[in-house]
Amino acid sequence: MKNKDTGIIGKKEVILDVVPIVPGVAMGPVHHFRKFSFNIEDFDYLIESVEGELDRFRIACSKTINFLKKTKKLSNVIYEDQFLDIFESQIVLLEDKIFLDEIENFIKDKKSSAAMAVFTVFREKMDYFLGLENEYFRERALDIQDLKQKLLHAIFGLGTEYQISVPSVVFADYLSPSDTVHFNRNLILGFVTDTGGKTSHAAIIARSLHLPYVINNRNLSKIVQSDDLIIVDAYTGKMVINPTEGTIESYKEQKKKYLDIELNLLKESKIPTTTLDGIHVDVMANVEFLHEIDDIMNSGANGIGLFRTEGVFLEKDSLPDEEEQYQIYRRFSEEMKDLPVVLRTLDAGGDKILKDLEQPEEQNPFLGWRAIRFCIDEQDIFKTQLRAILRANINNNIKILIPMVSCLREIRETKKIIEEVKNELTSQGEIFYPDTEIGIMIEIPAAAIMSDVFAKEVDFLSFGTNDLTQYTLAVDRTNQKIARLFNDMHPAVLRLMQMTIKNANSLEKEISICGELAGNPEAIAILLGLGLRKLSMSPYLIPKIKKIIRSFSVAECENLVENILTLSSALEVIEHAKKFYKQKISSADLLI
Ligand code: PEP
Ligand code: MG
């Protein structure tokens, strides 16, 4: 830690090394995140008087309007008019007589508490906006969710949590995936946490939101204060607390340079990707949210290699029904036209605890009731999703991917459930493609070892190297304390991959990779050398990875892998891979 001159807010400038998780530069005030979430069960049905509740609601409204007006002024000073329409539209809604009457009538007619009325009416409004075709209006659902939180805080007289008043860098000890999606994403500049892992689902979501994210490893969330100004450089792994004017200016310059490089890469990304010896490679996108579609189309992706449908569930306060899911999945099928959309069925559990699902507390959640285990037991939820997927496959480009398969029984049981769903749809006269492909994730060592047997049962396989590493090395992927042991280039992981690829090839089954390893520049040569020709990753990485692939020949990658597979430790593998990479690629062109 280095103390320098006094920063522009009158405190010492402090520069720290941090662990970069999602690249980018963020500058702004700190938003300290403390957990508090509202559930419907928190609100009383019984009230003392309707008049009392109407007063509570009106006072909360005027407090919130005052707060928003102040925030608008502040935001104007720091960011000019960049974020003004968000606050403006929230104020307009809180001054809309028809809307206010709707809430007041709910209180009067149902003899409801102010909190319950706000919760219910806002939820209906949000659902309405989320169901609209227009992207702009769907984005507004987040502002409505945010406004609901602000009002509920005012009703209960509570401090902030997901509520951000000015565009800020969120600072927390730990973030769960659901925390990550509950902020108003229009107001987040980046994330800093004390702990976490590169492949934690919060990190994956930050990646899909394309927000800079670093881990500080020092419990700084207890020290940094809410009015501190912060710069996060997640390209170089630096964080500046209370920067001086000079530092701010130099980071603004730096940010411009980074953007120029990104734009140049993006231009080249639409060209098909072939290696120096003419082998074609598909570079595909991992996605969690509908709003990412434009980024995916822009990135030059050759399709969607992994759609983590948990995003659809995490964004809502309740379980999405068949129609809601259908609308979202259908948009993907439509927009991607003839490009594939590998849609993974619900992977709840582990670190992804969804509101409204009866998920018990478990001693070892990652070894517990997760993914396909959960879906086979909760068939109503599973069948609802499968019906939505099959109906939504209007371009016959959707493929179904099953997560966390560990045994043959799970594959057969899943196929049986899919057949039952198809029969139901047929008897109801619904139109769907009966031959929609079914694949499995290879993310448990048992599935890799048994891949000669499992591959016969399905149409394709996809490596989930985040979990494959976690389960092979017995290292919790979210635990920063043991992050040094989480190594997806460990020879044990690579050997399991090699074995699986051989089995898939001999059965002529397609095999791809969608774990974070696919987006690691230094791993690309290994993946090509192992025989993979379909790599799926966060959309913003696609242009960089395409450029890297174009710099290698498959023949030299195969040589590299031959050497690497004789090595006995992860460190040796990484060293070899780094050396190979550095000989071929200039990092300055790639921001990596
Ligand atoms: C994986 O495990 O590598 C994977 C892609 O799935 P998730 O990260 O969603 O668990
Ligand atoms: Mg996984």
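Coordinates for the structure precede this section.
Residues numbered from 1 in each chain as written. Chains lettered and ligands numbered in written order. Predicted model: local features only at pLDDT ≥ 70, side-chain atom pairs only at ≥ 80, totals over all residues. Heavy atoms only, no water.

## Observations concerning the overall build of the chain
The helix and strand tally for the chain stands at 22 helices and 17 strands. Surface summary for the chain: the accessible area is close to 24900 Å², and the carbon and sulfur share equals 52%. (Helix = DSSP H or I, 4+ residues; strand = E, 2+ residues; numbered from the N terminus. Areas by Shrake-Rupley, 256 points an atom, 1.4 Å probe, with all protein chains shown as cover.)

## Points about the site of ligand 1
Taken together, 17 residues surround ligand 1, and among them Arg308, Arg344, Gly464, Asn466 and Arg477 come closest. The side chain of Arg370 places a nitrogen or oxygen atom 3.1 Å from an oxygen atom of ligand 1. Separating an oxygen atom of ligand 1 from a backbone N or O atom of Gly464 is a distance of 3.3 Å. Coverage of ligand 1 by the protein amounts to 100% of the 290 Å² it exposes when considered alone. Among the secondary structure elements, those contributing two or more residues to the shell around ligand 1 are helix 7 (201-208), strand 11 (304-308) and helix 17 (465-473). (Near = heavy atom within 4 Å. Polar contact = N/O pair within 3.5 Å; in protein donor to acceptor, adjacent residues only side chain to side chain.)

## Considerations on the coordination of the magnesium ion (ligand 2)
Around the magnesium ion (ligand 2), the donor atoms from the protein are Glu443 (OE) and Asp467 (OD), and they sit 2.0 to 2.1 Å away. One end of the pair, Glu443, is in the loop between strand 14 (438-442) and helix 15 (445-449); the other, Asp467, is in helix 17, and 24 residues separate them in sequence. On the basis of relative accessibility, which here comes to 2%, the residue Asp467 falls in the buried class. (Donors = N, O, S within 2.8 Å, 3.2 Å for Na, K, Ca; no water. Buried < 20%, exposed > 50% of the residue type's maximum accessible area, 1.4 Å probe, protein only.)

## Some details on the pattern of salt bridges
All chains considered together, the criterion is met by 37 salt bridges. Lys97 is the partner of Asp101 in a salt bridge, and the nearest nitrogen-oxygen pair spans 2.9 Å. Residue Asp101 and its partner Lys97 are both found in helix 3 (residues 97-110); the two are separated by four residues, about one turn of the helix. Residue classification places Asp101 among the partly exposed positions, given a relative accessible area of 29%. Under the relative-accessibility criterion, Lys97 is labelled exposed at 57%. Its salt-bridge partner being Arg477, residue Asp467 comes within 2.8 Å of it at the nearest N-O pair. On the criterion of sequence distance, the pair formed by Asp467 in helix 17 and Arg477 in the loop between helix 17 and helix 18 (491-506) is long-range, its members being 10 residues apart. Looking at Arg477, the relative accessible area reads 4%, which means it is buried. (Salt bridge = Lys/Arg side-chain N within 4 Å of Asp/Glu carboxyl O.)

## Quick word on the side chain of Ser221
Tracing the chain through its elements places Ser221 in the loop between strand 7 (213-215) and strand 8 (229-233). By relative accessible area, Ser221 is classed as buried at 11%. In terms of polar contacts, Ser221 uses its side chain to reach the side chain of Asp194, at 2.5 Å. For Ser221, the residues in contact, after removing those within four places along its chain, are His32, Phe171, Ala172, Asp173 and Asp194. (Contact = heavy atoms within 4.5 Å.)

## Brief notes about helix 7
For an α-helix, the turn length of 3.6 residues means that residues three or four places apart are oriented alike. Counting buried residues along helix 7, eight of its eight residues qualify, which places the element largely inside the surrounding structure. Along helix 7, the positions that sit buried rather than exposed are His201, Ala202, Ala203, Ile204, Ile205, Ala206, Arg207 and Ser208. One or two positions beyond helix 7, positive phi appears at His210, with a value near 55°.

## Overview of the packing of aromatic side chains
Enumeration over the complete set of coordinates arrives at seven aromatic pairs. Measuring from centroid to centroid gives 6.1 Å for Phe191 and Tyr213, while their planes differ by 80°, and the two rings are edge-to-face. Here Phe191, found in strand 6 (residues 188-193), pairs with Tyr213, found in strand 7; they are 22 residues apart in sequence, far enough to count as distant. Exposure class is identical for Phe191 and Tyr213. Each is buried. Consider the rings of Phe307 and Tyr329, whose centres lie 5.9 Å apart with planes at 80°: the pair is edge-to-face. With Phe307 in strand 11 and Tyr329 in helix 11 (residues 322-335), the pair connects residues that are 22 residues apart, well separated along the chain. The class for Tyr329 is buried, based on a relative accessible area of 0%. Through successive ring pairs, a cluster of aromatic residues spans Phe307, Tyr329 and Phe332. Against the face of Phe106 rests Lys110, its NZ or CZ located 5.2 Å from the ring centre. (Phe/Tyr/Trp six-rings, centres within 6.5 Å; stacked < 30°, edge-to-face > 60°. Lys NZ or Arg CZ within 6 Å of the ring centre and 35° of its normal.)

## A short note on the packing of helix 3 against helix 4 (residues 114-130)
Where helix 3 meets helix 4, the axes come as close as 9 Å, and the angle between the chain directions of the two elements is 130°. In this view, helix 3 runs oblique relative to helix 4, as classed from their interaxial angle. By crossing handedness, the relation of helix 3 to helix 4 is classed as right-handed. Of the residues in helix 4, those in contact with Phe99, Glu102, Ile103, Phe106 and Ile107 of helix 3 are Ala114, Met116, Ala117, Val118, Thr120, Val121, Phe122, Glu124 and Lys125. Partitioning the contact of helix 3 with helix 4 into residue classes produces 10 nonpolar, one polar and three charged. (Axes fitted to C-alpha atoms, helices over the stretch in contact; angles between N-to-C directions. Parallel < 35°, antiparallel > 145°, perpendicular 65-115°, else oblique. Left-handed = near helix turned anticlockwise from the far one by under 90°. Nonpolar A, V, L, I, M, F, W, Y, C, P; charged D, E, K, R; others polar.)

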